[in-house]
Amino acid sequence: MYDVEDIRADFPVLKDNIYLDNAATTQTPVQAVRAMEDYFFKYAANHGRGAHHLARQTTDHFEDARETIADLLNCPAGNTIFTKNATEGLNLIARGIDWQEGDHIITTLMEHHSDLLPWMELREKGVELTIVEPDNEGHVSVEALEQHIRPSTRLLAVTHISNSFGSIQDAQGICKLARDHNSLCLIDGSQSAGHMPLDLKKMDCDFFVTPGHKGLLGPQGTGVAYIKEPNSIKPLNVGGGAVRSVTITGYELEETPARFESGTPNIPGVIGLGSAVKYVREIGVSDIEKHERQLAKNAAYRLAQIEGVEVYGPQNRGAVVPFNVRGLNPHDVAMILDETRQICLRSGYHCAMPGIDFMKLEGTVRASFALYNTEEEVDALVETVEQITTLA
């Protein structure tokens, strides 16, 4: 197991803040920031578009990042596409499939809006959508999904770990269900990549998306989309860098991943992401998962012991702990935590309104943990919430 105090030195903002908003974005280690600085100060050029030594060096670092991330996820680097976030990856897939009127998609009420709105939008093309309800802990079982499978079901799109309740779905079982019914399967790994070991080859999903700025510790404006069969998807954009040849009558696209990455990409961001993922790998994802889950388990248990506090989600949860203080608005609780102890966490609907509404809640306060959080920070959270209950 790693020494938490040692790695906290790599995240300077933690010196003066208790940062528990990691489900929204994590802090980026100084090593990744320095990797981006090196790009700007030592070899900045465009990617894949020049024979000079700076362009070659830029391309090498960019593609090294792709290899690093593909290795973490255990998937082919050639099928690993850089996006600006998970939302772009989800829209790339939603708009890239050749949908036919009457096609059917299954998703769940536990989805982030980014894994819900793109499928809703397809109703305009005659695509039918079923949104499956979870149990009272935020789980959607394989059996519950199977009840809604039809001969016309073309895609199952499910979040791996709920960003609103921390419930963990059976991604491998869901992918097997899709295969058994000749359907495609998409897993939204926004809350699982970097937080738990992943093996996309074993999972056997058709699509997997994740942002770079959450569990992978990378900068904002980066993301990854894995596509098992790239030729089945039409690129979201076309232009420079994505084409092999162009005439006045048409064009021929490059192979994957270039065909999906037209235009100048976020080169420094991708290089920073690659460095951050190396950092995650060196620490060890299994150890990160154990540490984060233990913090979340302790926080959930201790908060639930406070009279007037309601905690939501399953006992076996990811690194997400949503709660409310009875009689107080979630935003007020979050503001008090921030103003009194500089505890930074999220309040509201967490871009997951249908799931929160289904649980008959008007938002929650959400504490979410990362590899650098400590038991002392859990103590501070619990002690401050206990004080806040006297205000209700």
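Residues numbered from 1 in each chain as written. Predicted model: local features only at pLDDT ≥ 70, side-chain atom pairs only at ≥ 80, totals over all residues. Heavy atoms only, no water.

An unreviewed UniProt entry annotates the protein chain as cysteine desulfurase originating from Methanohalophilus portucalensis FDF-1. According to the UniProt record, the Cofactor (unreviewed entry) comment for the protein chain is "pyridoxal 5'-phosphate". Check the Sequence similarities (unreviewed entry) section of the UniProt entry for the protein chain; it says "Belongs to the class-V pyridoxal-phosphate-dependent aminotransferase family. Csd subfamily." (UniProt positions renumbered as here; feature names shortened; annotations may be inferred.)

Enquirer: Is there a simple way to think about the pattern of salt bridges in this case?
Expert: Two side chains with opposite charge may pair up if their charged atoms get near one another. Evaluated as defined, the whole model comprises 20 salt bridges. Among the salt bridges present, the one from E289 reaches R293, with a minimum N-O distance of 2.9 Å. Here E289 pairs with R293, and both are found in helix α10 (residues 285–304), just 4 residues apart, close to one helical turn. On the basis of relative accessibility, which here comes to 22%, the residue R293 falls in the partly exposed class. (Salt bridge = Lys/Arg side-chain N within 4 Å of Asp/Glu carboxyl O. Helix = DSSP H or I, 4+ residues; strand = E, 2+ residues; numbered from the N terminus. Buried < 20%, exposed > 50% of the residue type's maximum accessible area, 1.4 Å probe, protein only.)

Enquirer: I keep staring at unusual backbone geometry and nothing clicks. Help me out?
Expert: Note: most peptide bonds trans; most residues except glycine with negative phi. The step from T256 to P257 runs through a cis peptide bond, and the omega angle for that step is 5°. Relative to the helices and strands, P257 is located in the loop between β10 (250–253) and α9 (267–283). Although it is not a glycine, Q342 adopts a positive phi angle of roughly 55°. Relative to the helices and strands, Q342 resides in the loop between α11 (330–341) and β13 (343–344). With a phi close to 55°, C351 is a non-glycine residue in the positive phi region.

Enquirer: Honestly, the sheet that holds strand β4 (residues 128–132) in this entry has me stumped. Any pointers?
Expert: Sheet strands pair by backbone hydrogen bonding; their relative direction is either parallel or antiparallel. Strand order in the open sheet formed by 7 strands is β2-β8-β7-β6-β5-β3-β4, and the pairing between neighbours is mixed. The two strands at the open ends of the sheet, each matched to only one other strand, are β2 (80–83) and β4. Looking at each pair of strands side by side, their axes are set apart by 15° on average, direction ignored. Bridging between strand β3 (residues 104–108) and β4 involves 5 bridges; their strand directions are parallel. When the sheet's bridge partners are listed, I105 is paired in β4 with L129. In the packing of helix α3 (residues 53–73) onto the sheet, contacts are made with β2, β7 (207–211) and β8 (223–227), and the angle to β2 comes to roughly 115°. Contacts between helix α4 (residues 86–96) and the sheet are confined to β2, β6 (184–188), β7 and β8, with β7 contributing the most and set at about 155° to the helix. (Pairing = 2+ DSSP bridges. Axes fitted to C-alpha atoms, helices over the stretch in contact; angles between N-to-C directions. Contact = heavy atoms within 4.5 Å.)

Enquirer: When you look at the pairing of β7 in this model, what are you seeing that I'm missing?
Expert: Two faces belong to every sheet, and in a regular strand the side chains alternate between them. Across the 5 residues that make up β7, a large majority, 5, are buried. Of the two faces of β7, the one lined by F207, V209 and P211 and the one lined by F208 and T210 are each fully buried. Of the strand pairs in this sheet, β6 and β7 are connected by 3 bridges, and their pairing is parallel. Each residue of the ladder has a partner; that of D188, found in β7, is V209. Of the pairings in the sheet, the one linking β7 to β8 comprises 5 bridges and is antiparallel in character. Looking across to β8, one finds that F208 is bridged to Y226.

Enquirer: Quick question: what am I supposed to make of the side chain of T26 here?
Expert: Topologically, T26 is positioned in the loop between β1 (18–19) and α2 (30–43). Given a relative accessible area of 3%, T26 falls into the buried group. Within the structure, the side chain of T26 is placed 2.4 Å from the backbone oxygen of K214, a separation counted as a polar contact. Each residue touching T26, except ones within four places of it in the same chain, is listed here: Y19, H213, K214, G215, L217, A370 and Y372. (Polar contact = N/O pair within 3.5 Å; in protein donor to acceptor, adjacent residues only side chain to side chain.)

Enquirer: Could you clarify how one ought to interpret α4 in this entry?
Expert: Given 3.6 residues to a turn, an α-helix orients residues that are three or four positions apart in the same direction. Counting buried positions along α4 gives 8 out of 11 residues, so the element sits mostly inside the fold. Here α4 has its buried residues at A86, G89, L90, N91, L92, I93, A94 and G96. In this fold, the buried residues of α4 make contact with β2, α5 (117–121), β6, β7 and β8. A side-chain oxygen of the first residue of α4 lies 3.3 Å from the backbone nitrogen of T87; this N-cap is N85.

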